[in-house]
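So the chains spell out like this:
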Amino acid sequence: MVRKRVVVSGLVQGVFYRDTCRRVAEEHGVAGWVRNLTDGRVEAVFEGGPDAVATLVRWARVGPPSADVRAVEVSDEESEGLMGFEVRHSPSGGA
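Colleague: Would you mind going over the pattern of salt bridges with me for this structure?
Modeller: A full pass over the atoms with the stated rule returns 14 salt bridges. Note that Glu-80 is salt-bridged to Arg-3, the shortest N-O span being 3.6 Å. Here Glu-80, found in the loop between strand S4 (68-77) and strand S5 (85-88), pairs with Arg-3, found in strand S1 (residues 2-11); they are 77 residues apart in sequence, far enough to count as distant. We classify Glu-80 as exposed; its relative accessible area is 57%. For Arg-3, a relative accessible area of 5% translates into the label buried. With a closest N to O distance of 2.3 Å, Lys-4 and Asp-76 form a salt bridge. Residue Lys-4 is found in strand S1, and its partner Asp-76 is found in strand S4; the two are separated by 72 residues along the sequence. Within the structure, one salt-bridge network assembled from shared partners comprises Arg-3, Arg-5, Arg-35, Glu-43, Glu-47, Glu-77 and Glu-80.

Next up, the structure:
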């Protein structure tokens, strides 16, 4: 089990990035969450098998068709044993 945190910059809000991310994660059996950040970026955590998580990290570099991903920061974290995948609210309670 591995865990990666990704922070995605570019045109990634208002383009169904979060919902598409959730669907792709569920298709690959990856647990975690995704949320908008107040500065226009998207943050996500992916937990699961190494190959499945790598697939989600690769997807994050492209996103859905309407997205324009400019940069993706990836960091390793300690797995928490998350179950399921959810779309979370932004840290300030926004979208």
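Once the structure has been displayed, the description carries forward.
Colleague: Whenever I open this one, the nonpolar core confuses me. Can you help?
Modeller: Generally speaking, nonpolar side chains in soluble globular proteins are found buried as a group. Ranked by internal contacts, the top residues of the largest apolar core, which has 23 residues, are Val-6, Val-8, Tyr-17, Val-30, Phe-46, Ala-60 and Val-69. Top element by residues in this core is helix H2 (residues 50-60). It accounts for six residues. When near neighbours in sequence (up to four residues on either side) are disregarded, Val-69 contacts Val-8, Ser-9, Val-12, Tyr-17, Ala-60, Arg-61, Val-62 and Gly-63.

What counts, and where the lines are drawn
- Residues numbered from 1 in each chain as written.
- Predicted model: local features only at pLDDT ≥ 70, side-chain atom pairs only at ≥ 80, totals over all residues.
- Heavy atoms only, no water.
- Salt bridge = Lys/Arg side-chain N within 4 Å of Asp/Glu carboxyl O.
- Helix = DSSP H or I, 4+ residues; strand = E, 2+ residues; numbered from the N terminus.
- Buried < 20%, exposed > 50% of the residue type's maximum accessible area, 1.4 Å probe, protein only.
- Core = buried A, V, L, I, M, F, W, Y, C linked by side-chain atoms within 4.5 Å.
- Contact = heavy atoms within 4.5 Å.

Function cannot be read off these values alone, since they describe shape.
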